[in-house]
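What follows is each chain in one-letter form.
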Amino acid sequence: MTTRLIIALDFPAAEPALQLVKQLSPQDCKLKVGFELFVAAGPDFVRQLVAQGFDVFLDLKFHDIPNTVAAACKSAANLGVWMINVHAAGGDKMMLAAREALVGFQQPPKLIAVTVLTSMDKVQLEKINITQSPVEQVSHLAVLTKQCGLDGVVCSAQEAEILKQVCGSEFLLVTPGVRPVGSQQDDQSRVVTPLTARKLKIDYVVVGRPITQAKDPLAVIRTINQDLA
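Everything numeric here is computed off the predicted structure, so don't read it as measured data.

A. Here's a closer look at the side chain of His87. Examined against the element boundaries, His87 turns out to sit in strand β4 (residues 83-87). Among the residues examined, His87 registers a relative accessible area of 17% and is labelled buried. If sequence neighbours within four positions are ignored, His87 has contacts with Lys61, Phe62, His63, Met94, Val114 and Leu117.

Quick look at the structure:
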């Protein structure tokens, strides 16, 4: 079985990220490259990870007019990445354009959508005039994402059970805000442990600082993989 652990490479530059990556195996984890590292290190860094055999989740959360997002998705797919994402809040036309942009690729990346950021709680949503609860908003956007033919969504594990019910077991759930027992919550408002994520049938979990800032990252990886297995 392929690993369900995605390590968030939340580093300010390529060098410290590569110091961690050289300790890792593609069999034990997938890798996520987000805004900070992508802006600092660029597409060549992503190609380097792909060349080493890693499945790479390019987490750039595209959110723009449909043509622009479609072009960005094509560029991302040309890097050979395993997964890319867009913001579901961009609407159905944007998501449909993103999906269509990947049709011609022999091995297109998985395309998922961001629903509600895990740093957002009810108070934060109300400040941007969304009166629905986080669960209601996530469910609404997840259903729209599935209707557009995308592979899944990014969501909090706390919404996982209802999303599997409304979107089906094949619809992928990718969950940040997963923290091993004893880890700090950091800036995530809604967090769960890897063991709980497994029980909730989360497909992939994203873990950053509990691994990247650990004294023994490999030990933490082994523990998480055991909990997810």
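B. Geometry of the environment of Ile7. Following the sequence through the fold, Ile7 ends up in strand β1 (residues 5-8). The buried category is assigned to Ile7, whose relative accessible area is 0%. Counting along the chain gives 72 residues from Ile7 to Leu79, while the straight-line C-alpha distance between them is 19 Å. Ignoring any residue separated from it by four or fewer positions in sequence, one finds Ile7 in contact with Leu20, Leu24, Cys29, Lys30, Leu31, Lys32, Val207, Ile211, Thr212 and Ile221.

C. View of the pattern of salt bridges. One pass over the structure, following the stated rule, counts seven salt bridges. Salt-bridge contacts for Lys32 lead to Asp59; the nearest nitrogen and oxygen are separated by 2.8 Å. Here Lys32 is found in strand β2 (residues 30-33), whereas its partner Asp59 is found in strand β3 (residues 56-62), with 27 residues between them in sequence. Note on Lys32: relative accessible area 10%, which makes it buried.

What counts, and at which threshold
- Residues numbered from 1 in each chain as written.
- Predicted model: local features only at pLDDT ≥ 70, side-chain atom pairs only at ≥ 80, totals over all residues.
- Heavy atoms only, no water.
- Helix = DSSP H or I, 4+ residues; strand = E, 2+ residues; numbered from the N terminus.
- Buried < 20%, exposed > 50% of the residue type's maximum accessible area, 1.4 Å probe, protein only.
- Contact = heavy atoms within 4.5 Å.
- Salt bridge = Lys/Arg side-chain N within 4 Å of Asp/Glu carboxyl O.

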